[in-house]
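For reference, the chains in residue letters:
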Amino acid sequence: MNAENQLQFAVERRPDPTPADQIAARLVSPAFGRVFTDHMVTIRWTEDRGWHDAKVEARRPFQIDPACSVLHYAQEIFEGMKAYRGDDGKISLFRPQENAKRFRASAARMSMADLPEDTFLRAVEALVDIDRDWIPGGDGSLYLRPFMFASESFLGVRAAAEYIFCVIACPVGPYFKAGKSAVTVWTSEQYTRAAPGGTGAAKCGGNYAASLIAQTEAAAKGCDQVVFLDAAEHRWIEELGGMNVFFVMDDGTLRTPPLKGTILPGITRASIIALARHEGMTVNEVPYDFESWRSDAASGHLKETFACGTAAVVTAIGQVRHANGEFMIGDGGEGKVTQHLRSLLTGMQRGKVADPFAWVHYVG
């Protein structure tokens, strides 16, 4: 075991922790990404020392130099994951090892420091443990945001020689508006999310920054999300602004766009594929073009479409809008397959459904 895997986290508790009654009040209906817990985890990396100075400390602002590399060259990556409180009170994470692996892959693509998977997991567990009172019960969860950014102060186009890894957390409820059985999406024909050879498979902030104009356009069209087509032909469906997408055909098979470097390898996506196959369904990872989506929806060959991701979990798509009109998926609501897969996944995450894959990881 190398020295980095032996990092010890110094614990510095917040001197004025949020009172229990205030935590309870904030857990009633937290806006997504607006309410944060008392602590954070930080670890620093430099070329000469590697990973060091690991801390669990009070959540606070960073103090950075105006020449901080991330502000100029956007070396930044992140993950999204959740901690759950089961009916038995146990705290769990869902497939955190996969987040750790994807974080390393993103770091490699962005030419950033390599964080060992064990260190990533221990950092996440340390924050969940100290802020476990912030984890809602019921349908809520604690959203965890591990991220890393280049912290060296310099101007020059090269990989930075200093990085900060951090984990923060916020209690959350549903990602989309309560009461919506299905969302409406806007098909972007002018903007693309990623191109071959780019950073589409990395979870870096730049991908999301580039997608915001399309998401703004979608909102202006009265839609909840944007769906992107490929950069070369503007024909093939890739993914939504922050989620992967699945299609349920009339023969009961599922299809989803294949991973070819332009689509984020979603952990929820991979879990849905494994769950569906475990249930006896056929899942095809094959290209699907927009015109087929439209004609299959009209003919009834396509029965359901759903998006999936850590934040939104599994969400039905009921209507698709585009420059030349719109079309409905099924009856515009949530289909049986979408509902079944969501129930299986969320039940497993919360310890209510058997976990044949050993995906649930208990903390403490």
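Here we summarise the structure given alongside this text. Along each chain, residues carry numbers from 1 onward, in the same order as the chain's sequence is written. Reporting of local features is limited, given that this is a predicted model, to residues whose pLDDT is at least 70; pairs of side-chain atoms are given and counted only at 80 or more, and all residues count toward the totals for whole chains, interfaces and linings. To get the side-chain values, take all heavy atoms of the structure and skip hydrogens and water.

Examining the pattern of salt bridges
Part 1 of the argument: Definition used for salt bridges: Asp or Glu carboxyl oxygen within 4 Å of a side-chain nitrogen of Lys or Arg. This model, assessed by the stated rule, comprises 19 salt bridges.
Part 2 of the argument: Note that Asp 87 is salt-bridged to Lys 352, the shortest N-O span being 3.9 Å. Of this pair, Asp 87 sits in the loop between β5 (81–85) and β6 (91–94) while Lys 352 is found in the loop between α8 (336–349) and β18 (360–363), placing the two residues 265 residues apart along the sequence.
Part 3 of the argument: The exposure class of Lys 352 is exposed, given its relative accessible area of 55%.
Part 4 of the argument: A salt bridge links Glu 98 to Lys 101, with the nearest nitrogen and oxygen atoms 3.5 Å apart. In this pair, Glu 98 and Lys 101 both sit in helix α3 (residues 96–109), three residues apart, roughly one turn of the helix.
Part 5 of the argument: Exposure is judged per residue with a 1.4 Å probe applied to protein chains only, and the accessible area is read against the type maximum: over 50% gives exposed, under 20% gives buried, and values in between give partly exposed. On the basis of relative accessibility, which here comes to 42%, the residue Lys 101 falls in the partly exposed class.
Part 6 of the argument: Within this structure, Arg 14, Asp 16 and Asp 38 form a network of salt bridges that share partners. By the criteria applied, helices consist of DSSP H or I runs no shorter than four residues and strands consist of E runs no shorter than two, each listed in order from the N terminus.

Side note on the pairing of strand β16 (residues 313–322)
Part 1 of the argument: With respect to burial, β16 is a largely interior element, nine of its ten residues being buried.
Part 2 of the argument: As defined by bridge partners, strand β15 (residues 302–309) adjoins β16 across four bridges and the pair is classed as antiparallel. From the neighbouring strand, Ala 307 faces β16, where its bridge partner is Thr 315.
Part 3 of the argument: Strand pairing is defined by DSSP finding a minimum of two bridges between the two strands. The antiparallel hairpin formed by β15 and β16 contains three residues in its connecting segment.

Topic: the packing of aromatic side chains
Part 1 of the argument: Any pair of Phe, Tyr and Trp rings, taking the six-membered ring for Trp, is counted once the centres come within 6.5 Å. Such a pair is stacked with planes under 30 degrees apart, edge-to-face with planes over 60 apart, and tilted for the rest. Evaluation of the coordinates by the stated rule reveals 17 aromatic pairs.
Part 2 of the argument: Here the aromatic rings of Phe 62 and Phe 149 are separated by 5.3 Å at their centres, their planes lie at 70°, and the arrangement is edge-to-face. In this pair, Phe 62 sits in the loop between β3 (50–58) and α2 (69–73) while Phe 149 sits in strand β7 (residues 141–150), placing the two residues 87 residues apart along the sequence.
Part 3 of the argument: Where Phe 120 meets Phe 165, the ring centres are 6.0 Å apart and the plane angle is 45°; that geometry is what we call tilted. Separated by 45 residues along the polypeptide, Phe 120 in helix α4 (residues 117–130) and Phe 165 in strand β8 (residues 162–172) bring together distant segments of the chain. Side by side, Phe 120 and Phe 165 carry an identical accessibility label, which is buried.
Part 4 of the argument: Among the aromatic residues, those joined into a cluster by ring pairs are Phe 247, Tyr 288, Phe 290, Trp 293 and Phe 327.
Part 5 of the argument: Positioned over the ring face of Phe 36 is Arg 59, at 4.3 Å from the centre of the ring.
Part 6 of the argument: Geometry around Phe 154 places Arg 158 over its ring, the cationic atom sitting 3.8 Å from the centre. Placement of a charge over a ring requires the Lys NZ or Arg CZ to be within 6 Å of the ring centre, with the centre-to-atom vector within 35 degrees of the ring normal.

Quick notes on the layout of surface pockets
Over the atoms, a rolling probe the size of a water molecule traces out where space has been left empty.
Part 1 of the argument: With a 1 Å grid laid over protein atoms only, a set of points is called a cavity when a 1.4 Å probe fits there but cannot get out and a pocket when it is open yet has protein on both sides within 12 Å along at least five of seven lines; lining residues have an atom within 4 Å of a point. Grid points are joined across faces, edges and corners, and a volume is the space filled by probe spheres set on the points. Roughly 790 Å³ of internal volume is contained in the largest pocket.
Part 2 of the argument: Residue lining of the largest pocket: 34 residues in total, with Phe 78, Arg 145, Tyr 175, Tyr 208 and Gly 242 positioned closest to the centre.

Here's the deal with the packing of α3 against α4
Part 1 of the argument: Fitting a line to C-alpha atoms yields each axis, with helices limited to the stretch in contact; the angle taken between N-to-C directions then spans 0 to 180 degrees. The interhelical angle for the contact between α3 and α4, taken along N-to-C directions, is 125°, at an axis separation of 9 Å. With respect to α4, the axis of α3 lies oblique. When the axes of α3 and α4 are compared, the crossing they make is right-handed. On the side of α3, the interface is formed by Pro 96, Gln 97, Asn 99, Ala 100, Lys 101, Phe 103 and Arg 104, while α4 contributes Glu 117, Phe 120 and Leu 121. Oblique is the label for every angle not falling under 35 degrees (roughly parallel), over 145 degrees (roughly antiparallel), or within 65 to 115 degrees (roughly perpendicular). Crossing handedness is read from the near helix: turned anticlockwise from the far helix by less than a right angle, it gives a left-handed crossing, and turned clockwise, a right-handed one. A contact between two residues is defined here by any heavy atoms of the two lying within 4.5 Å.

As for helix α7 (residues 290–299)
Part 1 of the argument: Along α7, the residues classified as buried are Phe 290, Trp 293, Asp 296 and Ala 297. Viewed end-on, α7 has its buried residues packed into an arc of 130°, placing them on one side of the element. Exposed residues on α7 whose side chains face more than 90 degrees from its buried face are Ala 298 and Ser 299.
Part 2 of the argument: N or O atoms closer than or at 3.5 Å make up a polar contact, with two conditions inside protein: a donor-capable atom paired with an acceptor-capable one, and, for residues adjacent in sequence, both atoms drawn from side chains. The N-cap residue of α7 is Asp 289: its side-chain oxygen and the backbone nitrogen of Glu 291 are 3.2 Å apart.
Part 3 of the argument: Positioned one or two residues after α7, Gly 300 has a phi angle of 90°, which is positive. Each C-beta atom gives one direction from the helix axis, and the arc is the one those directions make.

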